[in-house]
Amino acid sequence: MNAPVKTPLIDRAVLRLSGEEVNPFLQGLISQDIEKLTPINALYALLLTPQGKLLYDFFLVETTQGILVETAAEFVEPFLKRLKLYKLRAKIDIEPMPDWGVGVIYGNLPEAEPGRIMGLGTTDAIGFVDPRLAQLGLRVLAPKDELTAALNVIEATSGSPEDYQGWRYNHGVLEGGTDFAAESLFPLDANLDILNGIDYKKGCFVGQEVSSRMKRKGVVKKRLWQVKSMQDLPETGSFLKIDDKTIGTLVARSGKLGLAIVRPDRFGGTTPVQVVADGQELHLCLPSYLET
């Protein structure tokens, strides 16, 4: 890819949390250390069930008007309800921001630290390097009437959300809403601990005990791997097999590229691996951030 690519992400949305008790409220609830959220550093975080299953993944950005939360548009309503359930008497305000939009610029960009806030030259727009993986590019939050101008700050060609989806898959990254439903997996299954989604040093958060125990005891039996083929991949949910042994499940796909949650212990965990799904030969490989 020679030039950067820009695109609005219509399947993403923004919430705002504000009030004098917003930081301690989040600190006891989410997987990230809210102390690390600053005006120059964005975070990627998770909200889990008490049993450790993944509910929602999201980005956090600190502003003078409160903390902006970017997440999947389909998560907004249940996410709001869950936050209000935990709110009790905490002095915070939780509100959707329907007038705000989300975009991304990715590809051939200057190297920067994940989470770094970048200036975009418009009144309210905020850009930040994806905290999961810097190669995923610059995420942009802005009022919808400023989003186009914000995305135009960097010279880039226009792409589609599907193009960006393929870019994520090429880097081995799942995203809530598009790729998984609430309570469908553990965060470690999708490598979200490695992708800066969990701070194990912060102390307690909802679901912390299960996630910490899995990490500490080394019982992470499933991991997210990349899947490639010479033709379009079969349907998601297809089982990946070596001989007659099922070693994983295809969970996301875009053309000839996809992602699968696999059991490395069932095939020795070596790469590359040839597997079969629905009679089709596929190539299974580690995402670059998992390579040792």
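See above for the structure.
Residues numbered from 1 in each chain as written. Predicted model: local features only at pLDDT ≥ 70, side-chain atom pairs only at ≥ 80, totals over all residues. Heavy atoms only, no water.

1. Concerning the layout of surface pockets
For step 1, the next point in the chain: Its volume calculated, the largest pocket comes out at about 350 Å³.
For step 2, the next point in the chain: Across the lining of the largest pocket, the residue classes break down as 9 nonpolar, 4 polar and 1 charged. (1 Å grid on protein atoms, 1.4 Å probe; cavity = no way out; pocket = protein on both sides within 12 Å on 5 of 7 lines; lining within 4 Å. Points joined across faces, edges and corners; volume = space filled by probe spheres on them. Nonpolar A, V, L, I, M, F, W, Y, C, P; charged D, E, K, R; others polar.)

2. Section: the sheet that holds strand β10 (residues 138-143)
For step 1, the next point in the chain: Taken together, 6 strands build an open sheet; the order of strands is β8-β9-β10-β7-β1-β11 and the sheet is mixed. Only two strands of the sheet have a single partner each, and these edge strands are β8 (117-118) and β11 (157-158).
For step 2, the next point in the chain: Bridge count for strand β7 (residues 100-106) against β10 is 6 bridges, and the pairing is antiparallel. Bridging across to β10, Val 104 finds its partner in Arg 139.
For step 3, the next point in the chain: Sheet strands in contact with helix α3 (residues 144-151) are β1 (5-8), β7 and β10, and its direction is about 145° off that of β10. (Pairing = 2+ DSSP bridges. Helix = DSSP H or I, 4+ residues; strand = E, 2+ residues; numbered from the N terminus. Contact = heavy atoms within 4.5 Å. Axes fitted to C-alpha atoms, helices over the stretch in contact; angles between N-to-C directions.)

3. Points about the nonpolar core
For step 1, the next point in the chain: Within the largest apolar cluster, 57 residues are counted, with the highest numbers of intra-cluster contacts made by Leu 240 and Leu 284.
For step 2, the next point in the chain: Considering every element that reaches this core, the biggest residue donor is strand β15 (residues 257-262), with 5 residues.
For step 3, the next point in the chain: Membership of the second largest hydrophobic core comes to 29 residues, among which are Ile 30, Ala 45, Leu 80 and Val 206. (Core = buried A, V, L, I, M, F, W, Y, C linked by side-chain atoms within 4.5 Å. Buried < 20%, exposed > 50% of the residue type's maximum accessible area, 1.4 Å probe, protein only.)

4. A closer look at the sheet that holds strand β6 (residues 93-96)
For step 1, the next point in the chain: Read from one edge of the open sheet, 5 strands run β3-β4-β5-β2-β6, paired in antiparallel fashion. Since the sheet does not close on itself, it has two edges, and those belong to β3 (43-48) and β6, each with one partner. Strand-to-strand, the axes of this sheet are offset by a mean angle of 30°, without reference to chain direction.
For step 2, the next point in the chain: Of the pairings in the sheet, the one linking β3 to strand β4 (residues 54-63) comprises 6 bridges and is antiparallel in character. If you follow Leu 47 over to β4, its bridge partner there is Tyr 56.

5. Side note on the pairing of strand β5 (residues 66-72)
For step 1, the next point in the chain: Judged by how many residues are buried, β5 sits mostly within the fold: 7 of 7 residues are covered.
For step 2, the next point in the chain: Looking at chain direction, β4 and β5 are connected through 5 bridges and run antiparallel. Bridge pairing in β5 places Thr 63 opposite Gly 66.
For step 3, the next point in the chain: Counting the residues in the hairpin turn of β4 and β5 gives 2 residues.

6. What to know about helix α2 (residues 76-87)
For step 1, the next point in the chain: For α2, spanning 12 residues, the distance from its first C-alpha to its last is 16 Å, which sits close to the expected 16 Å at 1.5 Å a residue.
For step 2, the next point in the chain: For α2, the complete set of buried residues consists of Val 76, Phe 79, Leu 80 and Leu 83. Along the axis of α2, the buried residues cluster in a sector spanning 100°; they form a single face. Turned more than 90 degrees away from the buried face of α2, the exposed residues are Glu 77, Lys 81 and Leu 85.
For step 3, the next point in the chain: Taken from the residues just after α2, Leu 88 is the one with a positive phi, measuring 50°. (Expected span 1.5 Å × (residues − 1). Arc of directions from axis to C-beta.)

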